[in-house]
2 protein chains.
Amino acid sequence: MHVAATSKVSKKPKKQIVTISGTSRPNNYTSKVLALVNDELDKRGVKVVHFDARELDLSFPGQPETDDAKRLTEAVKASGAVVLASPEYHGTFTAMTKLIVENLGFPSALKGKPVALLGVASGRIGAIKTLEQMRGMCGHVGALVLPSPISVAGVRNVFNEDGTCNDETVEQMVRGLAETTLQFMHEYVYPRYELEQMVRGDEKGWSTTV
Amino acid sequence: MHVAATSKVSKKPKKQIVTISGTSRPNNYTSKVLALVNDELDKRGVKVVHFDARELDLSFPGQPETDDAKRLTEAVKASGAVVLASPEYHGTFTAMTKLIVENLGFPSALKGKPVALLGVASGRIGAIKTLEQMRGMCGHVGALVLPSPISVAGVRNVFNEDGTCNDETVEQMVRGLAETTLQFMHEYVYPRYELEQMVRGDEKGWSTTV
């Protein structure tokens, strides 16, 4: 189901997609992989607001909220969707990825938000366990976790140090996450807004109804 | 199966049990619950080395290891077993609990170590999801995750602010985690050492063979 081309709202979705790389490890591969998603979204004319954990100052629960936490939470709230990426450490997501979720407020800014998941692993099995645990966590806070999360296995072999991908299939798969996310927005989010616009006739931005 | 009362080693296990409270939130309930386990172990003559995340200075992967991380890792390595406790945030363990695991080295100090799990939640459902995810994580790094993890539900109702428990059944259940851990050591860890001592005749401490 696609929104009619005559629709003003669906032709020019003004809202942003937030992408988050969930590790602060220097020179990490997760940000290299996520850069492909950012690039693909950018190519498709979507405004991307990117957060990289290497540049985030976040506090643990019970401590005062940082400015970065406020900035992150506001950006997620204002977004049409989120792409959340984590490397696999110890068969699950990173402490930093969890800390990011812990900084998104109660109720979480992820509540009702479409969230696409990206897992990155050095090993051959990939980040399947990480993605399952992220799905559980994001679902718990009320996010609309999208089907078809992407797991990149053997990341050190398929991505070069400079961030280029040397495996076309992997690159297509990763870029596909941008497509998955946009497709969900086109098929479910925009129509919902369109219909609400028709019925109510008000001027609320579509993402506020997600 | 119990070790014979004449056994020198099993009568006087000198090795410690490490207990870890995985949240730095001020005045948290997890440390109140874990205090009962510590008390029960203490009553049974076991040396407890307790770590409270409120007092731990740990860094994220890629940053220099802190003194606390070294101290924690050495204590876990020297222990006969570990009790790991986390509150449930967002349907899973805390970022801090994961950060603790991320600070235990590669291979992890938890590898081959008996680990008893304790989950604490405000809600009625308890910390079941957290315990499952902790089981996955600890199992992934090679820990011997003990059966019968303990989930404390509605923690704010059953524990008072001063740390006392007002529900005898819950208190017995929590104290039972000490029993579970010691029972595992008596039934599996000590006999393994005993047998090895008989066969090899060397003087290695039993916990080093776990």
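Above: the structure in question.
Residues numbered from 1 in each chain as written. Chains lettered and ligands numbered in written order. Predicted model: local features only at pLDDT ≥ 70, side-chain atom pairs only at ≥ 80, totals over all residues. Heavy atoms only, no water.

Caption draft 1: Summary view of the interface of chain A and chain B. Contact residues are listed per partner, giving 27 residues for chain A and 27 residues for chain B. For chain A, the biggest contributors to the area lost against chain B are A:Phe60, A:His90 and A:Ala95; these three give 29% of the whole. At the junction of chain A and chain B, the tally comes to zero salt bridges. Linking chain A to chain B there are 12 residue pairs in polar contact (both at pLDDT 80 or more). At the level of secondary structure, the elements contributing two or more residues to the side of chain A that touches chain B comprise α4 (95-102) and α5 (128-140) of chain A. In terms of residues, the side of chain A that touches chain B owes the most to one element, α4(A), which gives six residues. For the side of chain A that touches chain B, a count of residues per class yields 12 nonpolar, 10 polar and five charged. (Contact = heavy atoms within 4.5 Å. Buried area = accessible area lost by both parts, 1.4 Å probe. Salt bridge = Lys/Arg side-chain N within 4 Å of Asp/Glu carboxyl O. Polar contact = N/O pair within 3.5 Å; in protein donor to acceptor, adjacent residues only side chain to side chain. Helix = DSSP H or I, 4+ residues; strand = E, 2+ residues; numbered from the N terminus. Nonpolar A, V, L, I, M, F, W, Y, C, P; charged D, E, K, R; others polar.)

Caption draft 2: View of unusual backbone geometry. A cis amide bond, omega -10°, links A:Phe106 with the succeeding residue A:Pro107. Topologically, A:Pro107 is positioned in the loop between α4 and β4 (114-120). Positive phi, close to 60°, is recorded for B:His90, a residue that is not glycine. Checked against the element boundaries, B:His90 lands in the loop between β3 (79-87) and α4 (95-102). Backbone geometry places B:Ser148, a non-glycine residue, at a positive phi of 60°. Note that B:Ser148 resides in the loop between β5 (144-145) and β6 (150-152).

Caption draft 3: A look at the pattern of salt bridges. A full pass over the atoms with the stated rule returns 20 salt bridges over all chains. For A:Glu40, the salt bridge identified is with A:Arg44, shortest N-O distance 2.9 Å. Assessed through its relative accessible area of 41%, A:Arg44 is described here as partly exposed. Linking B:Arg71 and B:Asp68 is a salt bridge whose minimum nitrogen-to-oxygen distance equals 3.5 Å. Highlighted residues: B:Arg71 and B:Asp68, both in helix α3 (residues 67-77), separated by three residues, approximately one helical turn. Since its relative accessible area comes to 45%, B:Arg71 is described here as partly exposed. (Buried < 20%, exposed > 50% of the residue type's maximum accessible area, 1.4 Å probe, protein only.)

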